[in-house]
Amino acid sequence: WDSVCFFGLQYFLKRYMLGQVVTQAKIDEAAELYEAHFGGDKAMFYKEGWQHILEKNGGKLPVEIKCVPEGMVIPNKTVLFTMVNTDKKA
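Below is a summary of the structure that appears in this document. Predicted model only: the values in this text are computed from it and were never measured. (Residues numbered from 1 in each chain as written. Predicted model: local features only at pLDDT ≥ 70, side-chain atom pairs only at ≥ 80, totals over all residues. Heavy atoms only, no water.)

**Concerning the packing of aromatic side chains**
Two descriptors summarise a pair of aromatic rings, namely the distance from one centre to the other and the angle between the planes of the rings. With the rule as written, the count across this model stands at three aromatic pairs. Pairwise contacts between aromatic rings join Tyr34, Phe38 and Phe45 into one cluster. (Phe/Tyr/Trp six-rings, centres within 6.5 Å; stacked < 30°, edge-to-face > 60°.)

Now the structure itself:
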């Protein structure tokens with residue numbers, strides 16, 4: 001195969017990244033999960049950054065996404081989409 005039909009990003013974005021995706025409950029659950037897997041190393045989980053997203057952005061992810069049009073057939077090894085953090089504190 002020398003090409004790929006790009007599709008599915010719109011669904012993923014609407015399902016998992018639209019609106020408030022960061023909540024206090026999710027932050028607390030993630031902190032517990034990290035502690036269970038990585039021990040007491042607090043540096044492994046950047047809780048302050050997630051709290052910043054929750055407080056400053058209302059739980060919405062500060063990202064900019066660019067992508068090729070869905071349904072487009074493009075050559076392999078072509079960038080399909082990029083996602084950039086727009087908040088240096090997050």
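**Brief notes about the packing of helix 2 (residues 24-38) against helix 3 (residues 47-57)**
Interaxial distance between helix 2 and helix 3 falls to 10 Å at its minimum, and their mutual angle equals 170°. Judged on the interaxial angle alone, helix 3 and helix 2 are roughly antiparallel. Contacts between helix 2 and helix 3 involve Gln24, Ile27 and Asp28 from the former and Lys47, Trp50, Gln51 and Leu54 from the latter. Class assignment for the residues of the contact of helix 2 with helix 3 results in three nonpolar, two polar and two charged. (Axes fitted to C-alpha atoms, helices over the stretch in contact; angles between N-to-C directions. Helix = DSSP H or I, 4+ residues; strand = E, 2+ residues; numbered from the N terminus. Parallel < 35°, antiparallel > 145°, perpendicular 65-115°, else oblique. Contact = heavy atoms within 4.5 Å. Nonpolar A, V, L, I, M, F, W, Y, C, P; charged D, E, K, R; others polar.)

**A few points about the environment of Gly8**
Note on placement: Gly8 falls in the loop between strand 1 (3-5) and helix 1 (9-17). On a C-alpha basis, the gap between Gly8 and Glu70 in space is 7.4 Å, while along the polypeptide they are 62 residues apart.

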